[in-house]
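# Topology and contacts: notes
Here's the letter readout for the chains.
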Amino acid sequence: MAATIWTASRRANRGARRLAIVGLAVLAAIALGAAPVANAAAPVPGQRAFLADIRAAGYGDSSGNQVALDQGLDMCGLMDAGLSRQIMVNQFAALNPALGPGGAARVVGIAIRDLCPWHR
């Protein structure tokens with residue numbers, strides 16, 4: 001009889017461990033799973049307007065529009081992190097001397113208007 005109680009107890013413990021493992025797997029899938037993937041595929045609000053406005057302003061790049069969009073998103077991210085509009089203009093002008101300060105201010109303004117209007 002002791003053997004049957006031990007066998008039944010062992011089966012119950014094994015079942016509980018399996019349930020715990022499945023529960024942890026479900027929690028991990030919820031915490032790490034679908035949300036980042038879904039957000040990565042989401043379109044950027046203002047993306048089309050930004051690219052159209054950059055083209056209309058006469059600014060282009062030899063690698064295609066994705067470089068311009070990436071730069072605009074980087075500007076927004078840096079301002080989200082605390083850089084002021086003026087510092088962003090100064091840094092963009094320093095990295096793109098052909099634009100000059102006025103051109104850099106215009107590009108940063110387009111990025112703010114179309115991609116991160118909360119920095120107005």
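What you see as residue numbers is a count from 1 along each chain, following the sequence as written. The model is predicted, so local features are restricted to residues of pLDDT at least 70 and side-chain atom pairs to those at 80 or more, both for listing and for counting; the totals for chains, interfaces and linings are taken over all residues. To get the side-chain values, all heavy atoms of the structure are used, and hydrogens and water are removed first.

Any cysteine sulfur atom paired with another within 2.5 Å is treated as part of a disulfide. Counted under the stated rule, the structure contains one disulfide. The residue that forms a disulfide with Cys76 is Cys116, at a sulfur-sulfur distance of 2.1 Å. Across the S-S bond of Cys76 and Cys116 the torsion is about -75°, and the bridge reads as left-handed. Residue Cys76 is found in helix α4 (residues 65-80), and its partner Cys116 is found in the segment after α6 (100-114); the two are separated by 40 residues along the sequence. Look at Cys76 and you get buried, because its relative accessible area is 5%. Residue Cys116 is classed as buried on the basis of its relative accessible area of 0%. Helix numbers and strand numbers start at the N terminus; a helix is a DSSP run of H or I with at least 4 residues, a strand a run of E with at least 2. The buried label applies to any residue whose accessible area, calculated with a 1.4 Å probe on protein chains only, is under 20% of its type's maximum; exposed applies above 50%, and partly exposed to all values in between.

Throughout, an axis means a line fitted to C-alpha atoms (over the contacting stretch in the case of helices), and angles, computed between N-to-C directions, take values from 0 to 180 degrees. At their nearest, the axes of helix α5 (residues 85-95) and α6 sit 8 Å apart, and the two run at 125° to each other. Classed by the angle they form, the pair α5 and α6 counts as oblique. As for the relative orientation of α5 and α6, their crossing is right-handed in sense. Listed contacts from α6 to Arg85, Met88, Val89, Phe92 and Ala93 of α5 are Gly100, Pro101, Ala104, Ala105, Val107, Val108, Gly109 and Ile112. In the contact of α5 with α6, the residues fall into ten nonpolar, two polar and one charged. Note on terminology: angles under 35 degrees are roughly parallel, angles over 145 are roughly antiparallel, angles of 65 to 115 are roughly perpendicular, and the others are oblique. For any helix crossing, the convention is left-handed if the near helix is rotated counterclockwise from the far helix by under a right angle, and right-handed if that rotation is clockwise. We call two residues contacting when some pair of their heavy atoms lies within 4.5 Å. Amino acids are sorted into nonpolar (Ala, Val, Leu, Ile, Met, Phe, Trp, Tyr, Cys and Pro), charged (Asp, Glu, Lys and Arg) and polar (every other residue, Gly among them).

This part is about the nonpolar core. As used here, the term nonpolar core means buried Ala, Val, Leu, Ile, Met, Phe, Trp, Tyr and Cys residues forming a set that is joined through side-chain atoms within 4.5 Å. Formed by 21 residues in total, the largest nonpolar core has its most connected members in Phe50, Ile54, Met75, Met79, Phe92 and Val108. Among the secondary structure elements, those contributing two or more residues to this core are α3 (47-56), α4, α5 and α6. A total of six residues in this core trace back to one element, the largest contributor, which is α6.

Next up on the list: the confidence of the model for the chain. For the chain, the mean per-residue pLDDT works out to 75, and 60% of the residues sit at or above 70. pLDDT is defined as a per-residue confidence score from the predictor, taking values between 0 and 100. At the low end of the mean pLDDT range in the chain sits helix α2 (residues 34-41), at 42; at the high end sits α6, at 96. Within the model, pLDDT remains below 50 along residues 16-41, and this stretch shows two contacts once partners closer than five positions in the same chain are excluded.

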